[in-house]
Amino acid sequence: MERMMSRPYTTPLSPRGLSCIAPPPPWHYSGDFLMVEFWADPAVVATTLPDGLTPDPAAAGHATALFFDWQFTGENDELLDPARYQYREFFILVDALHDARPIAFCPYIFVDNDSAMMRGLIQGFPKRIGAVHVTRTFAAANLAGPQVVAGARFAATASTAGQRLARAEVKLTEKVENLSKLGLGNRPIVNLRHFPRLAAGQHNNPAVHELVIATTDNTQLVNVWMGEGHLSLPVADGEEISDLAPTRVGAGYRGSMSYTVTDLKALETTRA
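Residues numbered from 1 in each chain as written. Predicted model: local features only at pLDDT ≥ 70, side-chain atom pairs only at ≥ 80, totals over all residues. Heavy atoms only, no water.

## With respect to the nonpolar core
The cut-off we apply is this: By convention a nonpolar core is built from buried Ala, Val, Leu, Ile, Met, Phe, Trp, Tyr and Cys residues, the set being connected through side-chain atoms within 4.5 Å. A 1.4 Å probe rolled over the protein chains alone gives each residue an accessible area, and that area as a share of the maximum for its type sets the label: buried under 20%, exposed over 50%, partly exposed in between. Secondary structure elements are taken from DSSP: a helix is a run of H or I of four residues or more, a strand is a run of E of two residues or more, and numbering for both begins at the N terminus. Working rule for contacts: check all heavy atoms of both residues, and any pair within 4.5 Å makes them a contact.
Core analysis: the biggest nonpolar cluster contains 39 residues, and F38, F67, F90, I92 and V94 have the highest contact counts within it. Per-element accounting of this core gives the leading share, five residues, to strand 9 (residues 163-175). Setting aside chain neighbours within four positions, we find I92 in contact with F38, T64, A65, F105, C106, P107, Y108, I241 and L244. By size, the runner-up hydrophobic cluster in this structure holds 28 residues, among which are W27, L66, F72 and V111.

## A look at the packing of aromatic side chains
Put simply, the rule is: Stacked, tilted and edge-to-face are the three classes assigned to paired rings of Phe, Tyr and Trp, where Trp is represented by its six-membered ring and a pair needs centres within 6.5 Å; plane angles under 30 degrees give stacked, over 60 edge-to-face, the rest tilted.
Summed over the entire model, instances satisfying the criterion amount to ten aromatic pairs. Ring centres 6.1 Å apart and planes at 80° place the aromatic pair Y9 and W27 in the edge-to-face group. On the criterion of sequence distance, the pair formed by Y9 in the segment before strand 1 (27-39) and W27 in strand 1 is long-range, its members being 18 residues apart. Taking 5.5 Å as the distance between ring centres and 85° as the angle between the ring planes, the aromatic pair formed by W70 and Y259 counts as edge-to-face.

## A closer look at empty space enclosed by the protein
As a reminder, the rule being used: Both cavities and pockets are sets of points on a 1 Å grid over the protein atoms alone; in a cavity a 1.4 Å probe fits but cannot get out, in a pocket the set is open with protein on both sides within 12 Å along at least five of seven lines, and lining residues sit with an atom within 4 Å of a point. Grid points are joined across faces, edges and corners, and a volume is the space filled by probe spheres set on the points. The classification used treats Ala, Val, Leu, Ile, Met, Phe, Trp, Tyr, Cys and Pro as nonpolar, Asp, Glu, Lys and Arg as charged, and all other residues, Gly among them, as polar.
Taken as a whole, this structure holds one cavity of 30 Å³ or more when the rule is applied. Along the walls of the largest cavity sit D32, F33, D69, V134, T135, R136 and R254, which together make up its complete lining. Grouping the constituent residues of the lining of the largest cavity by class yields two nonpolar, one polar and four charged.

## Some remarks on the layout of surface pockets
Considering only enclosed or pocket space, the second largest pocket measures out at about 300 Å³ in volume. Lining the second largest pocket are 16 residues, with T48, C106, P107, Y108 and P126 positioned closest to its centre. Elements that contribute at least two residues to the lining of the second largest pocket include exactly helix 1 (42-47), strand 5 (101-111) and strand 10 (189-195). Ranked by residues supplied to the lining of the second largest pocket, first place goes to strand 5 with six residues. Among the residues making up the lining of the second largest pocket, the classes are represented as nine nonpolar, four polar and three charged.

## Focus: the pattern of salt bridges
Inclusion rule: By definition, a salt bridge exists where a carboxyl oxygen of Asp or Glu is found within 4 Å of a side-chain nitrogen of Lys or Arg.
Applying the stated criterion to the full structure yields twelve salt bridges. With a closest N to O distance of 3.5 Å, D95 and R187 form a salt bridge. Of this pair, D95 sits in strand 4 (residues 86-98) while R187 sits in the loop between strand 9 and strand 10, placing them 92 residues apart in sequence. On the accessibility criterion, D95 (12% relative accessible area) is buried. Through salt bridges with shared partners, a single ionic network connects D56, D95 and R187.

## Some words on helix 3 (residues 114-123)
Side chains of residues three or four places apart in an α-helix project in the same direction, reflecting 3.6 residues per turn. Here helix 3 lies mainly inside the structure; seven of its ten residues are buried. Within helix 3, burial applies to S115, A116, M118, R119, G120, I122 and Q123. At the C-terminal side of helix 3, G124 shows a positive phi close to 100°.

Listed below in structure tokens is the structure:
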């Protein structure tokens, strides 16, 4: 299959655009997720926030850990190239405020695919390469293919550079009928787009340093179940994500999600 590109959107800017890491928008996503809400030390949460964002006192350190198993496509049947456009990711969202408005901020995110990593960096997600695995469900049910029913157990792990970063487990108890209470999407995600300079004397003067708000269209949440959640963020050499280790763990969720990305809105340029 040969993908058709009008012009390259990202590097490498190859002559026919076939080699670019990510295709141009619109970007369409569909996948399954495992999510666990938790509370970390509010003082530690505050240290992860960039200028322009402030801690949310009402949140008391509330955060969410999310594991996604995604399938992606642009406008050129990219979903038929699964080796490039299927991927899994793990990330943390912490509750915060922007101009007194409740938002969520992503301090850490790991993904197993370079195209997804590039798209995330463009959006301001601080993506790094990692390994993420999530329990899957299949139409042919048996012990290896748990169904989305009460009592089913799903788990997920994330690691990078050979070190475990996170493990979550959810035991389903009931279907979520009122999705507005889920929390996923109730706080808009604000990211920090940061691209430094290498020129001598300019290392502390980034080419881009701005807060942006993630924008999605046609968001759908389907077959969402909740249950008992477990989460651990073990200590790993050279990593700080374990500083957000849970002081308390809340509910866990398992469901499916889809949305489209065509836009990104800048909030403000911040001080580096």
